[in-house]
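Coordinates in review
The primary structure of each chain is shown beneath.
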Amino acid sequence: MISTDIAIIGAGPVGLFAIFEAGLLKMRCHLIDYLPQVGGQLSEIYPKKPIYDIPGYPSVLAQELVDNLVEQAKPFHPGYTLGERIEGLEKRGEGDFVLTTNMGTKIEAKVVVIAGGLGCFEPRKPAVAGLEQFENGRGVNYMILDPEQYRGQKMVIAGGGDSALDWTIFLADIVEELTLVHRSESFRGAPDSVNKVMELAESGKINLVLNSNLNSVSGHGKLENVELVHNRSLEKTIIPADHLIPLFGLSPKLGPIEQWNLNIHKSAIEVNTDDYSTNIPGIYAIGDINTYTNKLKLILCGFHEAALMSHSAYQYMNPGIKYTMKYTTVNGVAEF
């Protein structure tokens, strides 16, 4: 079991900054996120989008901001559990929570901070007959955590955005046979990536099937075949496959958090603006996932909430003790 002072659900910019604020108060943090990398929406949806409202940065790219936040948090040695979703929360006593992920990982914490942005990002699943029976390690996955597990195998990727194109390019030299399926003739991804995919198809390194949709999947215990249907002719094609990766984007949902008896209004968690605590002592909510009067969904506001939350969490964990932050500099670098 992983043990920490603060378990932070969500590794977006607000969750990452909370590591720094908690670290100043000598509290250890462990972050959990369903996405396979830190950064939340910034990294997953628009890593190259310029952001203009971060103090000290007239303009900063989303991924650059994430990278800087990770670097800022490093001195406090946070832990990360990525590619897993929190499924359960148990409060065993005052200041004693146990979180359990969908993969069975358990995290014990004195305080829980929900910083999940718009909620847990869940994959958009296509309407395909038999899809669910091949999930959970039986051939159908919605994100790629370890590319090496697909080496020498047959794979079908479905989608037309940057994720589908980028993974097709990357996996072309790893899998034995790769088929990219897209419902139209034009892609939504970067032109350079489109050109590379076309070159791979022309050279025979991948199979490119356009104007087609996933129709069904089949197999005995594990995925064996993916059936496609052409949009115009309605002709069906069966492709032998060990793995199917539908990459149709992500949609935000509160997920299991809805069952934790928190006060929720319009898919957001109500908090006390004194410290961004919820109705359950020891649980806080910061960033876009919370709601209160005059709430502004800005990264800047989430940073402010993370700072106030950290001081409140310290008092919750250490009642009656006042802590003063101190730091020194070594060769111009702050040490806390």
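Just so it is clear, the structure is predicted and the values come from calculations on it, not from any experiment. (Residues numbered from 1 in each chain as written. Predicted model: local features only at pLDDT ≥ 70, side-chain atom pairs only at ≥ 80, totals over all residues. Heavy atoms only, no water.)

**A few points about the layout of surface pockets**
Here is the rule we go by: Definitions used for this entry: grid spacing 1 Å over protein atoms alone; cavity, a set of points where a 1.4 Å probe fits but cannot get out; pocket, an open set with protein on both sides within 12 Å along at least 5 of 7 lines; lining residue, one with an atom within 4 Å of a point. Grid points are joined across faces, edges and corners, and a volume is the space filled by probe spheres set on the points. Throughout, the ten residues Ala, Val, Leu, Ile, Met, Phe, Trp, Tyr, Cys and Pro are labelled nonpolar, Asp, Glu, Lys and Arg are labelled charged, and all others, Gly among them, are labelled polar. These domain boundaries are the output of an automatic or database domain assignment.
Its boundaries defined by the atoms lining it, the second largest pocket holds a volume of some 780 Å³. A per-class count over the lining of the second largest pocket returns ten nonpolar, nine polar and nine charged. Looking at which domains feed residues into the lining of the second largest pocket, each of domain 1 (2–122 + 251–331) and domain 2 (125–248) gives three or more.

**Remarks on the domain arrangement of the chain**
Where the parts come together, the accessible area they lose is often given as the size of the interface. Segmenting the chain into domains produces domain 1 (2–122 + 251–331) and domain 2 (125–248). Taking only C-alpha atoms into account, the centre of domain 1 sits 34 Å from that of domain 2.

**Structural notes on the nonpolar core**
Here is the rule we go by: Take the buried residues of types Ala, Val, Leu, Ile, Met, Phe, Trp, Tyr and Cys, join any two whose side-chain atoms come within 4.5 Å, and each joined set is a nonpolar core. Each residue's exposure class comes from its accessible area (1.4 Å probe, protein chains only) as a fraction of the maximum for that residue type: buried when under 20%, exposed when over 50%, partly exposed otherwise. Runs of H or I in DSSP of at least four residues are treated as helices and runs of E of at least two as strands, each being numbered from the N terminus. Contact criterion: two residues are considered in contact whenever any of their non-hydrogen atoms come within 4.5 Å of each other.
Core analysis: the biggest nonpolar cluster contains 60 residues, and Ile6, Ile8, Leu99, Ile114 and Ile286 have the highest contact counts within it. Of all the elements in the fold, those that place two or more residues in this core are strand 1 (2–9), helix 1 (13–24), strand 2 (29–33), helix 3 (62–73), strand 7 (96–101), strand 8 (106–114), strand 20 (283–285) and helix 6 (299–317). Residue contributions to this core peak at eight residues, all from helix 1. Residue contacts for Leu99: discarding those within four places in its chain leaves Ala7, Ile9, Ile32, Ile86, Gly88, Leu89, Thr105, Lys106, Ile107, Val112 and Trp260. By size, the runner-up hydrophobic cluster in this structure holds 19 residues, among which are Leu178, Leu180, Val194 and Leu247.

**Structural notes on the side chain of His30**
As a reminder of what qualifies: Throughout this description, a polar contact denotes any pair of N or O atoms lying within 3.5 Å of each other; where both atoms belong to protein, one of them has to be capable of donating a hydrogen while the other can accept it, and for residues adjacent in sequence the pair is counted only when both atoms sit in side chains.
Inspection of the secondary structure puts His30 in strand 2. A polar contact is formed between the side chain of His30 and the side chain of Thr81, at a distance of 2.7 Å. Other than its neighbours up to four places away in sequence, His30 contacts Ile2, Thr4, Ile6, Ala7, Ile8, Gly79, Tyr80, Thr81 and Ile107.

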